[in-house]
Every structure is written in C-alpha cells, then in structure tokens.
Amino acid sequence: MPSPSKSTTTPVVCGDITIESLGKVVFDKPAYHNQDIVFPVGFCSSCRFQSVVNPTTKCRYTSEVLDGGSKPIFRVTCEDDESGPIDAPSPNAAWGAVLDRIASLTRRSARSS
C-alpha cells in the first residue's frame, strides 16, 4: 500500500475488483462518514459477477458512490442490463437487489427445467 504522502493513480486492481476512482471525502455531511467507514463521492469500482439478465454468464458491474444531498446514493450498474442501474441507500441494499434479481431468475429457470 502506498504511504499517505504519495498519490495513488487509478485504476488499482485488488483481486477481482478494480478501483476506477477513489472519489472525494465529504467532510461536512455526517452520513458520508463515521468512525469506521467513509463513502467518498465519486468512488467507482468494477468487478465481474453473474449477470442479472442471464445468471449462467458473467458480466461487468460498476459500483459508484453518488452525491445524494444529505445522504450518499449507492449505484450498481450491470453492463448487460438495459433496465438501468440500481440505486439504493446503502451498498448492501444495492448489491442485495442484484442478488435478489439473480436468485429470482435462477428459481424461474429451475422451475421451467
């Protein structure tokens, strides 16, 4: 890990996740940080995971932290999903929606087999 005095250029690959942008820390809005975690506006990462369109294939997902005014918005976009991104009040809620959609498609596929 680089020392705090050195700048980090992106993208940074961390295992299966690519950090595209570190974003900017919002100091004046309490919902964007606490003692344990920081949600920097503009943070963007990507990874490959089961598609919400066809769970038998993988596609690229982009996760972002957006400025939602008093609270951050967490956006997950699946590259092959034309219905648009999933916006949620927390990262867990955004990714939970992705997992719910995949599970629903998987159940439908299993019933039709």
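Not measured: the values here are computed from a predicted model.

Asks: Outline the pairing of strand β2 (residues 17-21), listing residues and values.
Replies: Here three bridges tie strand β1 (residues 12-14) to β2, and the two strands are oriented antiparallel to one another. Directly across from V12, in β2, lies its bridge partner I19. The turn linking β1 back onto β2 is made up of two residues, and G15 within it adopts a positive phi angle of 65 degrees.

Asks: Before we move on, could you go through the pattern of salt bridges and cite the residues and values that matter?
Replies: Within this structure, the stated rule accounts for five salt bridges. Note that D87 is salt-bridged to R75, the shortest N-O span being 2.7 Å. Note that D87 is positioned in strand β6 (residues 86-88) and R75 in strand β5 (residues 73-78), a separation of 12 residues in sequence. You can call R75 partly exposed: its relative accessible area is 25%. D81 is the partner of R101 in a salt bridge, and the nearest nitrogen-oxygen pair spans 2.6 Å. Remark: D81 occurs in the loop between β5 and β6 and R101 occurs in helix α1 (residues 91-112); sequence separation between them is 20 residues.

Asks: Give a description of the sheet that holds strand β3 (residues 44-50) that names residues and reports values.
Replies: Through backbone hydrogen bonds, the strands of a sheet pair up, either in parallel or in antiparallel fashion. Taken together, the six strands give an open sheet; going across it, the order is β1-β2-β3-β4-β5-β6, and neighbouring strands pair in antiparallel fashion. Only two strands of the sheet have a single partner each, and these edge strands are β1 and β6. Direction aside, neighbouring strands of the sheet carry axes that sit 25 degrees apart on average. Looking at chain direction, β5 and β6 are connected through three bridges and run antiparallel. Following the sheet pairing, F74 is matched in β6 by A88.

Definitions and cut-offs
- As a convention, each chain's residues are numbered from 1 in the sequence order in which they are written.
- It should be noted that, the model being predicted, local features are given only for residues of pLDDT at least 70 and side-chain atom pairs only at 80 or more, the latter also being counted only at that level, while totals for whole chains, interfaces and linings use all residues.
- For side-chain calculations, the full set of non-hydrogen atoms in the structure is used, while hydrogens and water are omitted.
- Pairs of strands are assigned from DSSP output, requiring at least two bridges between the strands.
- Segments assigned H or I by DSSP are reported as helices when at least four residues long, segments assigned E as strands when at least two residues long, and all are numbered from the N terminus.
- When a carboxyl oxygen of Asp or Glu is within 4 Å of a side-chain nitrogen of Lys or Arg, the pair counts as a salt bridge.
- For every residue, the accessible area (1.4 Å probe, protein chains only) is compared with the maximum for its type, and the residue is labelled buried under 20%, exposed over 50%, or partly exposed between those bounds.
- Note on geometry: axes are C-alpha line fits, over the in-contact stretch for helices, and angles between N-to-C directions span 0 to 180 degrees.

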